[in-house]
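Geometric and topological summary
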Amino acid sequence: MQRVAVLGATGSIGTSALDVIARHPQTMRASVLAAGSNVDGLLALCRAHAPAHAVIADTRHYPALRDGLQAAGLATEAHAGGPALDALVAGDACDSVVAAIVGAAGLSSTLSAARSGKRLLLANKESLVLAGDLLMQAAHRSGAHIIPIDSEHNAIFQCLADGSPPARITLTASGGPFRGWTRAQLANVTPAQAVAHPKWSMGPKISVDSASLMNKGLEVIEAHHLFALPGDRIGVLVHPQSLVHSLVDFIDGSTLAQLGMPDMRTALAVGLGWPQRITSGVGLLDLLAQGGRLEFEAPDSAAFPCLGLAYAALAAGACAPAALNAANEEAVSAFLQGRIGFLGIPDTVSAVLDAMPTQPADSIDALLDADARARAQAQAHLGKVST
Ligand code: NAD
Ligand code: MG
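First, a word on what this report is: a plain description of the structure on this page. The structure displayed is predicted, hence computed values, not measured ones.

Before going further, it helps to examine helix α3 (residues 62–71). Of all the positions in α3, only L65, G68 and L69 are classed as buried. Seen end-on, α3 carries its buried residues on one side only, within an arc spanning 100°. Looking at α3, the residues exposed on the side facing more than 90 degrees away from the buried face are Q70 and A71. Its buried side turned inward, α3 meets α2 (39–49), β3 (53–56) and β4 (77–80).

Time to look at the nonpolar core. Among the nonpolar cores identified, the biggest contains 87 residues, and L324, F342 and I345 are the most heavily contacted of them. Aside from chain neighbours lying at most four places away, what touches L324 is M214, L218, I221, L309, A310, A313, V349 and L353. Counting residues in hydrophobic clusters, the runner-up holds 33 residues, among them M28, L45, V98 and W200.

Turning to the packing of aromatic side chains, a few remarks are in order. Applying the stated criterion to the full structure yields four aromatic pairs. With a centroid separation of 4.8 Å and an interplanar angle of 50°, the aromatic rings of F178 and W181 are classed as tilted. On the accessibility criterion, W181 (27% relative accessible area) is partly exposed. Centroid distance F335 to F342: 5.5 Å. Interplanar angle 65°. Geometry classified as edge-to-face. Of the two residues, F335 and F342, both sit in the buried class. Pairwise contacts between aromatic rings join F178, W181, F335 and F342 into one cluster.

With that out of the way, let us pick up the pairing of β3. Side-chain alternation along β3 places H53 and V55 on one buried face and A54 and I56 on a second face that is also buried. Summarising the sheet, strand β2 (residues 28–35) and β3 pair through four bridges and their orientation is parallel. Counted as the bridge partner of V32 is H53 from β3. Pairing analysis gives four bridges linking β3 to β4, with the strands arranged parallel.

A few words on the layout of surface pockets. With a probe scaled to a water molecule rolled over the atoms, the places where space remains empty come into view. Approximately 320 Å³ is the volume found for the second largest pocket. Forming the boundary of the second largest pocket are 19 residues, of which T266, R277, S280, V282 and L284 lie nearest the centre. Counting only elements with at least two residues in the lining of the second largest pocket, the list comes to β11 (255–259) and α12 (265–273). If you tally residues by element for the lining of the second largest pocket, the top one is α12, at three residues. Among the residues forming the lining of the second largest pocket, the class breakdown is nine nonpolar, nine polar and one charged.

Basis of the calculations
- Residues numbered from 1 in each chain as written.
- Chains lettered and ligands numbered in written order.
- Predicted model: local features only at pLDDT ≥ 70, side-chain atom pairs only at ≥ 80, totals over all residues.
- Heavy atoms only, no water.
- Buried < 20%, exposed > 50% of the residue type's maximum accessible area, 1.4 Å probe, protein only.
- Helix = DSSP H or I, 4+ residues; strand = E, 2+ residues; numbered from the N terminus.
- Arc of directions from axis to C-beta.
- Contact = heavy atoms within 4.5 Å.
- Core = buried A, V, L, I, M, F, W, Y, C linked by side-chain atoms within 4.5 Å.
- Phe/Tyr/Trp six-rings, centres within 6.5 Å; stacked < 30°, edge-to-face > 60°.
- Pairing = 2+ DSSP bridges.
- 1 Å grid on protein atoms, 1.4 Å probe; cavity = no way out; pocket = protein on both sides within 12 Å on 5 of 7 lines; lining within 4 Å.
- Points joined across faces, edges and corners; volume = space filled by probe spheres on them.
- Nonpolar A, V, L, I, M, F, W, Y, C, P; charged D, E, K, R; others polar.

Rendered as structure tokens:
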């Protein structure tokens, strides 16, 4: 029986993971469920999945979690706070960890899973952007098997299954809700427009990142760490149908791609079942029913500067990717709150990258320090530009 910890259980990926796990009651079960502050959502999931442990990150909600579990007559043990979550992830309550907390807030628990040798189903791309070298080293040392859950990286993982090294990889991007729009048209878009993704149903932060193409930028850095490739061997192609999830080129001229419906349960089933294939609830791909066309175009780097900023941060190395990620999280949050316009996101990230001194990134403390300083810089910039 595979015991799975689902971190970010109340979110989009967490819910999809629980859907796949529930389809295989003979072989796996959710043993730890964790959420940020949505205690009602977490309690509902506990009633449905009866995990051994439930963790709410925001400690103020601990009494509500404990009392809610008791009122439901569940044997689930209540916990609160980041350190409790890290300990549960590292301990013997789980064999596999679905790391699906959003943002840098997921770093500590993701690292805990990597250090303790767990199977790590990694959706929390921000932790790789922030601390990719240290995370990969930790997994290497402990023997933790990382299976990428981001659909593009999961596609590449599947294409690399025979062990041949890739010559180049190409990440596909849907282009988001504003594909084809000019910079001038982007100036007045609303948060509601930005989160209305045409192909994928996702949480608000990654939806805005998809609209700005920062998501693809973060994914380039993620791919660099997962597949040990330099930035100039990682390409991006806009593919509006979102059916080809990425491509891998090999030295003999072969290109392998993975295709499927845009539903994250496929990637999660790959992670939960690997090396076996298991059912996910996702239907088989019918290319004709999907319109019979697969189109590709170059990303518009003038209208969507975030992708270029991410490539630049990857090339600069050291603390630059951590600063990029932190500035982006602050800017996206300000955009979702209506404090800045959509173009304020790349402007803020660019200003923070320009202002940050480069310093080595050889420890978690140095990276967390860079993260904190970039957030302060971003807030100072946002204070100047917000209306
Ligand atoms: P979401 O906003 O739907 O869910 C986020 C989850 O994280 C929630 O359960 C929330 O309670 C939890 N959380 C937030 N802050 C926390 C904290 N401080 N401590 C503990 N838990 C906390 O987000 P999502 O769309 O599910 O994305 C999750 C991660 O997966 C992100 O890193 C995202 O980039 C990545 N990802 C998502 C998708 C997708 O299709 N949704 C695809 C690829 C990658
Ligand atoms: Mg992706």
